[in-house]
Amino acid sequence: MKFSDLDLDPKVLQAVEEAGYETPTPIQAQAIPHALMGRDVLGIAQTGTGKTAAFTIPMITILAQGRAKARMPRSLILCPTRELAAQVAENFETYGKHHKLTMALLIGGVSFKDQDKLIDRGVDVLIATPGRLLDHFERGKLMLTGVQVMVVDEADRMLDMGFIPDLERIFGLLPFTRQTLFFSATMPPEITRLTETFLHNPQRVEVARQASTAETITQAVVRHKPSRKDRSDGDKREILRRLLRNEGESLTNAIVFCNRKRDVDVVYKSLKKHDFNVGALHGDLDQSVRTRTLDGFRSGEITVLVASDVAARGLDIPSVSHVINFDMPIHSEDYVHRIGRTGRAGRKGKAISICFPHEEKHLAKIEEMIGKEVPKMDSPLTAEAEPEVEETAGAPEPSEREAARASRRRARTARGRKKDEAETPEVETAASEPEAAAPAEAPEAEEAPKERRRSSRRRKAASDDPRDAAPVEDPRDAAPAPRAAERNAEREERPARRERERDRDERAADRSAERTPDRNADRNDRGGRRRGPVVGMGDHVPAFMLREVNLERILGRSVSTEDDEAESDRRSEAA
Ligand code: AMP
């Protein structure tokens, strides 16, 4: 099949040809004809399958007829993250370049005022994250009754991020007669329920799930047991550096994935200190910084991009030679997503994961899912007896550490400690590195001179990096003796509970990350009435908010906080 076989607007066809595409991808070939006929489509496809064009191309053809009215967008595309929304907007520009369709992008980090102006004039396409869209709606600047075509992109990610209640509400604000194009990589029960309620006799189109990993990707895992608990973080970073260096010229660029936002910051700073050409991407960074970093990575100015799952999700970055999992992903499907950043379009790619003992369980789940073992490779740390010269050179003198700490304290005071308080669990503030929570673009007060060496004795005694002063009492790492275990459990219980409570609050806050207080109030009742249909978990506490509590009941002990934090990060990075 060719694009010209599809009944597309000639100007869209021309734009598609100019983009260099001749043959529709399977999801496009299946979805476009139904979308053009005005049917609802349920597309089950992952990123990388060409799904964005599968909805933008027919939409442009449909929207080519008719004109936008003030404040009444003619179509709406909902995306879980800002980056995805921006990517969809780019697709619209590419395929719609011969049309005069107008577009507004409602995402966090973009000013309300500018978007308001666009909406006031009338837009053909509104691309938004759910929270931000509802914010605009609440402010009375937007009417959704003119929406003819509605797209939900990456619905399962929205579920992950707790956006389902927002989605339900948005569905309720749209005209009943609209056409819905609904895309999701997976179909968990909550999503199925949503489609059963809000889609009208949809045509289901599905492309093979990427449950297996592409053959063009060479996979490997470094399984390493740190010699000392308190060296765990430092060891990981050293392994990462060695992996990056050992790959030599075959590494043209790499994405390094971390599970937690604060580790993105720490790894970014560490690599920077060690002279890597590096950028960082996670949801807490300012939108302009994120855009700049992505552009830099795409253009080749930045070689190594340290990223969280959510921030890098669905991003279309061609030609990534390496993916490195600094942490084993907690969710097996994230492994497939992560390593799918490389080896795209038939190119060769390499994916190396670093697995420490506490992550073995994640590795096992991943291997079960992809149906094969990830080949093991020697740890670059145990392969060589002596640590790298660069590593020792980067370590500051104790006095410098003190100075760096003081400087960090100053920097933190200047930031009003807001960030630290928001991100760092109380239990860790005393023992862990305060700068771990600093945003990547924060001044690098602790930058150390590069070419200093230290004696091998000091090398052993001192940590390799001020950030390596990891919490000695990491509940996850501690392997206490039986009696001490009880004491530790007691000691940990209180802060762990506080952390759980904080975490729950955070998650609840994440669900409404973009809401105004007004809107929250409005969601439940205005004039005592409940608004819009409520489906699935819309009116209930989502299961994920209860998960850890249940786990603890089952295990009879407190659970790892690192994974919880990673989970919490995933949600808080929502738009
Ligand atoms: P997506 O799944 O929408 O993230 O798209 C993945 C990549 O496939 C993007 O870089 C698109 O530009 C590209 N693409 C989309 N449609 C086609 C096509 N028909 N032929 C070749 N590449 C395509």
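As the structure is a prediction and not an experimental result, all values here were calculated from the model.

Enquirer: Describe in detail the overall build of the chain, supporting the description with residues and values.
Expert: Looking only at helices and strands, the chain has 25 helices and 14 strands in total. A buried classification covers 56% of the 575 residues belonging to the chain. Of the roughly 25000 Å² of accessible surface on the chain, a fraction of 50% belongs to carbon and sulfur atoms.

Enquirer: Break down the sheet that holds strand β9 (residues 254-258) for me, with residues and values.
Expert: One key point about sheets: their strands pair by backbone hydrogen bonds, in either a parallel or an antiparallel sense. Ordered by their spatial adjacency, seven strands build an open sheet running β10-β11-β9-β12-β13-β8-β14, and the pairing between neighbours is parallel. Sheet topology places β10 (278-281) and β14 (376-377) at the edges, where each strand pairs with a single neighbour. Strands in contact with helix α10 (residues 232-246) are β8 (217-223), β9, β11 (304-308), β12 (322-325), β13 (349-355) and β14; relative to β13, the strand with the most contacts, it is inclined by about 160°. Contacts from helix α12 (residues 287-299) reach β9, β10 and β11, with the element oriented near 135° to β10.

Enquirer: Describe the UniProt feature "domain: DEAD-box RNA helicase Q" (unreviewed entry) in the chain, with residues and values.
Expert: Here, UniProt's "domain: DEAD-box RNA helicase Q" (unreviewed entry) annotation points to residues 1-29. The span residues 1-29 is 45% helical and 0% strand by assignment, and the distance between its end C-alpha atoms comes to 7 Å.

Enquirer: Mind laying out the sheet that holds strand β4 (residues 125-128), listing which residues take part and the relevant values?
Expert: Reading across the sheet, the seven strands line up as β3-β4-β2-β5-β6-β1-β7 and stay open at both edges, with parallel pairing between neighbours. Of all the strands in the sheet, just β3 (103-106) and β7 (203-206) have a single pairing partner and so form its edges. Each neighbouring strand pair of the sheet contributes to a mean axis angle of 15°, computed without reference to strand direction. Judged from the four bridges that link them, strand β2 (residues 75-78) and β4 form a sheet pairing that is parallel. Considered in β4, the bridge of serine 75 is made with valine 125.

Enquirer: Account for the packing of helix α5 (residues 112-121) against helix α6 (residues 130-138), naming residues and giving values.
Expert: At their nearest, the axes of α5 and α6 sit 12 Å apart, and the two run at 70° to each other. Taken together, the axis directions place α5 and α6 in an arrangement best described as roughly perpendicular. The two elements α5 and α6 cross, and the hand of that crossing is right-handed. Where α5 abuts α6, its residues Phe112, Gln115, Asp116 and Ile119 lie against Arg132, Asp135 and His136.

Enquirer: Can you lay out the nonpolar core for me, pointing to particular residues and giving the numbers?
Expert: Soluble, globular proteins show a tendency: their nonpolar side chains are buried together. If you look at the biggest cluster of nonpolar residues, it comprises 36 residues, and the most contacted ones within it are Ile57, Ile77, Ile127 and Leu181. At the level of elements, α1 (10-18), α2 (26-36), α3 (51-63), α4 (82-95), β4, β5 (149-152) and β6 (179-184) are the ones that each hand at least two residues to this core. Excluding anything up to four places from it in sequence, isoleucine 77 contacts Phe55, Met59, Val88, Phe92, Val125, Leu126, Ile127, Ala128 and Val151. Judged by nonpolar contacts, the second largest core, of 34 residues, contains Leu142, Met158, Ile191 and Leu194.

Enquirer: Tell me about the site of the ligand, and please be specific about residues and values.
Expert: Not every one of the 13 residues close to the ligand is listed here, only the nearest: Tyr21, Gly48, Gly50, Thr52 and Asp316. Glutamine 28 places a polar side-chain atom, nitrogen or oxygen, 2.7 Å from a nitrogen atom of the ligand. Note that an oxygen atom of the ligand is positioned 2.4 Å from one of the side-chain N or O atoms of threonine 52. For the ligand, the accessible surface in isolation is 500 Å², of which the surrounding protein chains cover 77%. The residue makeup of the shell around the ligand, split by class, is three nonpolar, eight polar and two charged.

Enquirer: An account of the environment of alanine 280 is requested, with residue identities and associated values reported.
Expert: Mapped onto the fold, alanine 280 is located in strand β10. For alanine 280, a relative accessible area of 5% puts it in the buried group. Sequence spacing of alanine 280 and isoleucine 302 is 22 residues, and the spatial spacing of their C-alpha atoms is 9.8 Å.

Enquirer: An account of the side chain of aspartate 124 is requested, with residue identities and associated values reported.
Expert: Along the polypeptide, aspartate 124 turns up in the loop between α5 and β4. Among the polar contacts listed, one links the side chain of aspartate 124 to the side chain of arginine 74, at a separation of 2.7 Å. In this structure the side chain of aspartate 124 is engaged in a polar contact, spanning 2.7 Å, whose partner is the backbone nitrogen of threonine 102. Residues within four places of aspartate 124 in sequence aside, it is in contact with Leu63, Arg67, Ala68, Arg74, Ser75, Lys100, Leu101 and Thr102.

Enquirer: Tell me about the pattern of salt bridges, residues and numbers included.
Expert: This structure, assessed with the given rule, holds 22 salt bridges. Put simply, glutamate 138 and arginine 169 hold a salt bridge, and the shortest N to O gap is 2.9 Å. Of this pair, glutamate 138 sits in helix α6 while arginine 169 sits in helix α8 (residues 164-173); the two residues are 31 residues apart in sequence, bridging distant segments of the chain. Notably, a salt bridge pairs aspartate 334 with arginine 157, separated by 3.7 Å at the nearest N-O pair. Taken as a pair, aspartate 334 in helix α14 (residues 332-339) and arginine 157 in helix α7 (residues 155-160) lie far apart in primary sequence, 177 residues in all. Of the two residues examined, aspartate 334 and arginine 157, each falls in the buried class. Where salt bridges share partners, they join Arg231, Asp235, Glu238 and Arg242 into one cluster.

Enquirer: I'd love a proper account of the packing of aromatic side chains, names of residues and values included.
Expert: For the structure on display, the rule yields three aromatic pairs. Between tyrosine 21 and tyrosine 95, the aromatic rings sit 6.5 Å apart at their centres with planes inclined by 50°, giving tilted as the arrangement. Taken together, the residues span a long stretch of sequence, with tyrosine 21 in the loop between α1 and α2 and tyrosine 95 in helix α4 at a distance of 74 residues. Tyrosine 21 sits in the partly exposed class, given a relative accessible area of 41%. The interplanar angle of 5° and the centroid separation of 4.4 Å between the aromatic rings of phenylalanine 171 and phenylalanine 198 together place this pair among those described as stacked. Taken together, the residues phenylalanine 171 in helix α8 and phenylalanine 198 in helix α9 (residues 189-198) connect sequence positions 27 residues apart. The same class applies to phenylalanine 171 as to phenylalanine 198, namely buried. Directly above the aromatic system of phenylalanine 112 lies the positively charged group of arginine 132, at a separation of 4.0 Å from the ring centroid. The ring of phenylalanine 326 has lysine 236 lying over it, and the distance from NZ or CZ to the ring centre is 5.2 Å.

Enquirer: Give a detailed account of the environment of cysteine 79, specifying residues and quantitative values.
Expert: As for its position among the elements, cysteine 79 is in the loop between β2 and α4. Taking the C-alpha atoms as reference, cysteine 79 lies 8.9 Å from arginine 157; in sequence the two are 78 residues apart. When near neighbours in sequence (up to four residues on either side) are disregarded, cysteine 79 contacts Leu84, Ala85, Val88, Ile127, Ala128, Thr129, Pro130, Asp153 and Met158.

Procedures and definitions
Residues numbered from 1 in each chain as written. Predicted model: local features only at pLDDT ≥ 70, side-chain atom pairs only at ≥ 80, totals over all residues. Heavy atoms only, no water. Helix = DSSP H or I, 4+ residues; strand = E, 2+ residues; numbered from the N terminus. Buried < 20%, exposed > 50% of the residue type's maximum accessible area, 1.4 Å probe, protein only. Areas by Shrake-Rupley, 256 points an atom, 1.4 Å probe, with all protein chains shown as cover. Pairing = 2+ DSSP bridges. Contact = heavy atoms within 4.5 Å. Axes fitted to C-alpha atoms, helices over the stretch in contact; angles between N-to-C directions. UniProt positions renumbered as here; feature names shortened; annotations may be inferred. Parallel < 35°, antiparallel > 145°, perpendicular 65-115°, else oblique. Left-handed = near helix turned anticlockwise from the far one by under 90°. Core = buried A, V, L, I, M, F, W, Y, C linked by side-chain atoms within 4.5 Å. Near = heavy atom within 4 Å. Polar contact = N/O pair within 3.5 Å; in protein donor to acceptor, adjacent residues only side chain to side chain. Nonpolar A, V, L, I, M, F, W, Y, C, P; charged D, E, K, R; others polar. Salt bridge = Lys/Arg side-chain N within 4 Å of Asp/Glu carboxyl O. Phe/Tyr/Trp six-rings, centres within 6.5 Å; stacked < 30°, edge-to-face > 60°. Lys NZ or Arg CZ within 6 Å of the ring centre and 35° of its normal.

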